[in-house]
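Report on the structure
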Amino acid sequence: MKKKVLAMSLALAMVLGMTACGANGSRDSGGEKTETVKTESSGAEDESGLKVVTIGLNGTVTDVSPYHAPDVIAYPIEFSLYQNLFTTASVSSQELIPVVGKSIEISEDGQSAVIEIFNNVHDTEGNAIDANDIVFSAETLKKAATQTDTAYIESIKATDDYTVELKLTEPNKNTMVKLLTHIHIVNKEAYEENPDTCPGTSPYRLVSYTSGSEYILEKTNNYWQTDASKTPYDAQANVDRIIFHCIPEKTQMTMALESGEIQMAIGADGREAARFDTGGESADGFLVDTNSGSFSTVLLFNDTADSLCQDINLRKAILYGIDRQAIIDVVLNGAGKVNSDLASETLGGFNEEWLAEEYYPYNAEKAKEYLAQSSYNGETLKLEADPSNGTSLELIQSQLSAIGIKVEIQTFENALWQEEKVAGTGESGWDFCIDGVGGSLVTNAWKVKFNPSNFSTGLPQTGSQDTELVGLLLKAADTQDSADLDAFHDYLAEKAYAIGVYSPADKCITVDTITDICYNGMGYVAVSYTHLTLPT
C-alpha cells in the first residue's frame, strides 16, 4: 500500500505550532487536600518564589481521569495533565504537530498509520512510555467508549519498542487525525494502580485536590521533552503552579476576580464579562478574550417506531416552536450564536452560504401549522439531557407549551447520560434530547451523531434507518467536496432529524498582568501556555 511520509510536514507543523497561539487568539499587551496558596489579583509569586495562577472554572469537576466521559468544564485540568500523540494548531487544522509521537506515515487512503514515538517519554512519576503503553492507552479509551471515533479502531499493535501500527475499520484520514490528537497517553502499570489520578506525560502533576471544589497542579521540572524546539505550544509550562477553583455560580466567579481570589475566569458569564471588557465599569486591570470554539449544543429526535417524533411534521413543529436566540440570551447571556448547521461554523468544511439559508427560525404560527398536520394528540413527550442543560430544557418546555406540545423533562448525570442518549438503548425512551458535538471538520461532527458504526445499535444516535442519510454522510466525509457537503447538510435539514441549537462564544477574563493566553487544537484554553508578568 502506498504510504505518505509526513516527517517533513511534521517538522514544519512544529514550527507553526510554536506560533499557533497567535493564530488561535493570543493576547499581546493525586493526593490529599492541602492548604491553597493565596495570591493577589495581579498574579503572584508564593513564598518560595514560584509563579502561581489561580483559575475559576464555571462548573463543578468531579472526574479528571484520562478516559472519563466528555466534560468541557474539566478540560482545562485534563489537558494540563495529559498529552496525546499529536496536536494541531487550531480547531480546523489537520496539520499534525508532534507531542508524544515523533513521526508518522499515513497510508494514502488514511486507513492505516505507522507511528514512531520519542524514545525518552515518561510520565510525571518517571514511568517510561513505550509502544505497549500507546497500545494500552488506545485500547483503554476504546473500551471506555467516551470518544466515539475509537469505534473505528480495527487494530493497534506495537511493532518495536517505540513504533505502533494503527489500522481503522474504513479509509478516512480525518478520523485518523482526530484519533491521533485525542488519545491521552499513560503508563499501563501506573494507570492500573490508580486510574482516577493516573500521572500523565505533561509538565504538570496533580499534587492535591478536593473533588468538586479545587485542583492544584505543579510543574515537575523533569518534563521529558528537553529540546525546547520540540516542545509543543500547549506544553510551554510558563507558570509553576496552577490552582483551579470550581465556581458554578456566575456572580461568584466575577466576585472572585474582583477580590483577587482568582486571576483567570474560564467560561465566564457573557453579561458579567461585559463589565470587564473595554469600556465596561470594571475594565480597569482586566482583559476579556472571546473564543468561538468547536463545540455546539444540538437537539436530536428519536426516529424509532417507539417515539412520536418519528413523525416529520411533529419534528418540524418542534423546531419552529423553539426560540434559539432566546435560549442564548438566557443560558449564555447573549454570548453565543444561533447555528446554521448541526456543527459550528468554525469547523473546516463549513459553507458560509449556509449562514444565509433559512434554518428553522422561530415561527410559532408555522410550528402550529406543522403540528396540525402531525399525528400528535396531546401526548407528553420526553425531553432529556445531562443536568448542565437544565435551563435550556426548561426554556424549550415552556416554548413548546405555548404552541400546545406537552413536554416532560428528565436529566441524567454525565456518565449515565452517555448510556441513555442513544435512541433504543436506554431505559428512559426519550423523544428528543439536548446533546453536544464538536470536531475539527463538519463531517467529524456529523459522523459523531449519524455514523452507524459509532453505536451498538448499528444505527445513528437518533435510531434512524435512513440509508440515504448515511450514504450522503459517508460520501461527504470521504470526498470533502463542497457539493457533497451541501447535499448532506440540505438532506439533514429537510428531514429534521436534528438541529444545531447554538455555538457558545466562550469568555475568558484575566487580570491584565496575564499578557498572553492561547487555545489548543480542540479550542480550549491551553493553561500551561499562560504568560504571567509579576508586579515589580
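Here the structure is a predicted model, which is why all the values come from computation and not from measurement. (Residues numbered from 1 in each chain as written. Predicted model: local features only at pLDDT ≥ 70, side-chain atom pairs only at ≥ 80, totals over all residues. Heavy atoms only, no water.)

**Some words on the overall build of the chain**
In terms of helices and strands, the chain carries 16 helices and 22 strands. Taking 24 Å as the expected radius of gyration for a compact globule of 536 residues, we find that the chain reaches 23 Å, a close match to that expectation. Principal-axis analysis of the C-alpha atoms places the extent of the chain at approximately 70 × 65 × 40 Å. Taking all 536 residues of the chain together, the buried fraction comes to 58%. Counting only carbon and sulfur atoms, one obtains 46% of the accessible surface of the chain, whose full area is about 21400 Å². A distance of 3 Å separates the average location of the 36 positive side-chain charges in the chain from that of its 79 negative side-chain charges. (Helix = DSSP H or I, 4+ residues; strand = E, 2+ residues; numbered from the N terminus. Rg over C-alpha atoms; globule rule 2.2 N^0.38 Å. Buried < 20%, exposed > 50% of the residue type's maximum accessible area, 1.4 Å probe, protein only. Areas by Shrake-Rupley, 256 points an atom, 1.4 Å probe, with all protein chains shown as cover. Lys, Arg positive; Asp, Glu negative; His and termini not counted. Charge placed at Lys NZ, Arg CZ, Asp CG, Glu CD.)

**A look at the pattern of salt bridges**
Pairing is possible between side chains that carry opposite charge, provided their charged atoms lie close to one another. In the structure shown here, the tally under the stated rule is 16 salt bridges. A salt bridge links Lys447 to Glu170; the shortest N-O distance between them is 3.7 Å. Here Lys447 is found in helix α14 (residues 442-450), whereas its partner Glu170 is found in the loop between β9 (163-168) and α5 (173-180), with 277 residues between them in sequence. Here Lys447 and Glu170 have matching classes, each one buried. (Salt bridge = Lys/Arg side-chain N within 4 Å of Asp/Glu carboxyl O.)

**Concerning the side chain of Thr140**
Tracing the sequence through the fold places Thr140 in helix α4 (residues 131-144). One polar contact links the side chain of Thr140 to the main-chain carbonyl oxygen of Phe136, over a distance of 2.7 Å. Setting aside its immediate chain neighbours within four residues, Thr140 contacts Tyr67 and Tyr191. (Polar contact = N/O pair within 3.5 Å; in protein donor to acceptor, adjacent residues only side chain to side chain. Contact = heavy atoms within 4.5 Å.)

**Re the confidence of the model for the chain**
When pLDDT is averaged along the chain, the result is 88, and 90% of the positions lie at 70 or above. Note that pLDDT drops below 50 for residues 1-20; the model gives that stretch 44 contacts with residues more than four away or on any other chain. Residue range residues 22-42 is modelled with pLDDT below 50. Its contacts to residues more than four positions away, or to other chains, number 66 contacts. (pLDDT = per-residue confidence, 0-100.)

**Some points on the packing of helix α15 (residues 467-479) against helix α16 (residues 482-495)**
Angle between the axes and distance between the axes: these two values describe a pair of packed helices. One way to put it is that α15 packs onto α16 with a least axis distance of 8 Å and a crossing angle of 150°. Considering their axes alone, α15 and α16 lie roughly antiparallel with respect to each other. The way α15 lies across α16 gives a crossing that is left-handed. The segment α15 lies against α16, with Glu468, Leu469, Leu472, Leu473, Lys475, Ala476 and Thr479 engaging Asp484, Leu485, Ala487, Phe488, Tyr491 and Leu492. (Axes fitted to C-alpha atoms, helices over the stretch in contact; angles between N-to-C directions. Parallel < 35°, antiparallel > 145°, perpendicular 65-115°, else oblique. Left-handed = near helix turned anticlockwise from the far one by under 90°.)

**Some words on the pairing of strand β19 (residues 432-437)**
In the case of a regular strand, side chains alternate between the two sheet surfaces. β19 sits mainly inside the fold: six of its six residues count as buried. Neither face of β19 is exposed, since Phe432, Ile434 and Gly436 on one face and Cys433, Asp435 and Val437 on the opposite face are all buried. Bridge analysis of strand β15 (residues 296-301) against β19 gives six bridges, and the strand direction is antiparallel. Looking at β19, one finds that Val298 is bridged to Asp435. Judged from the two bridges that link them, strand β17 (residues 380-385) and β19 form a sheet pairing that is parallel. Looking at β19, one finds that Leu383 is bridged to Phe432. (Pairing = 2+ DSSP bridges.)

**Some thoughts on the environment of Thr210**
Following the sequence through the fold, Thr210 ends up in strand β10 (residues 204-210). Classification of Thr210 as partly exposed rests on a relative accessible area of 28%. On a C-alpha basis, the gap between Thr210 and Val61 in space is 9.6 Å, while along the polypeptide they are 149 residues apart.

**A closer look at unusual backbone geometry**
Non-glycine residue Ala145 carries a positive phi angle of around 60°. Examined against the element boundaries, Ala145 turns out to sit in the loop between α4 and β8 (153-160). Accessibility expressed as a relative area gives 55% for Ala145, which makes it exposed. Despite not being glycine, Asn333 shows a phi value in the positive range, around 50°. Mapping Asn333 onto the fold places it in the loop between α10 (324-331) and β16 (336-338). We classify Asn333 as buried; its relative accessible area is 16%.

**Here's the deal with helix α7 (residues 250-259)**
Burial in α7 covers these residues: Met253, Thr254, Ala256 and Leu257. The arc that holds the buried residues of α7, viewed along the axis, is 150°, so those residues lie on one side. Along α7, exposed side chains directed more than 90 degrees from the buried face belong to Met255 and Ser259. Where α7 is buried, its residues contact β3 (51-57), β13 (264-266), α8 (270-276), β14 (286-292) and β20 (498-511). (Arc of directions from axis to C-beta.)

**Regarding α14**
Within α14, nine of the nine residues are buried, leaving the element largely enclosed by the surrounding structure. Of the positions making up α14, those classed as buried are Val442, Thr443, Asn444, Ala445, Trp446, Lys447, Val448, Lys449 and Phe450. Its buried side turned inward, α14 meets α5, β15, β19, α15, α16 and β20.

**As for the packing of α14 against α15**
The interhelical angle for the contact between α14 and α15, taken along N-to-C directions, is 150°, at an axis separation of 10 Å. The angle between the axes of α14 and α15 places the two elements in the roughly antiparallel class. Crossing hand, α14 versus α15: left-handed. Contacts between α14 and α15 involve Thr443, Trp446, Lys447 and Phe450 from the first element and Leu469, Val470, Leu473, Ala476 and Ala477 from the second. Considered class by class, the residues forming the contact of α14 with α15 number seven nonpolar, one polar and one charged. (Nonpolar A, V, L, I, M, F, W, Y, C, P; charged D, E, K, R; others polar.)

**Let's talk about the packing of aromatic side chains**
Within the structure shown, the criterion is met by 18 aromatic pairs. Between Phe412 and Trp417, the aromatic rings sit 6.2 Å apart at their centres with planes inclined by 15°, giving stacked as the arrangement. Judged by its relative accessible area of 0%, Trp417 is buried. Among the aromatic residues, those joined into a ring-pair cluster are Phe350, Trp354, Trp446, Phe450 and Phe488. (Phe/Tyr/Trp six-rings, centres within 6.5 Å; stacked < 30°, edge-to-face > 60°.)

**Let's talk about the environment of Leu179**
Turning to its location among the elements, Leu179 is positioned in helix α5. A relative accessible area of 3% means that Leu179 is categorised as buried. Remark: the alpha-carbon pair of Leu179 and Leu166, spanning 13 residues in sequence, is separated by 10.0 Å. If we ignore the near neighbours within four places in the chain, the residues touching Leu179 are Asp149, Thr150, Ile153 and Leu168.

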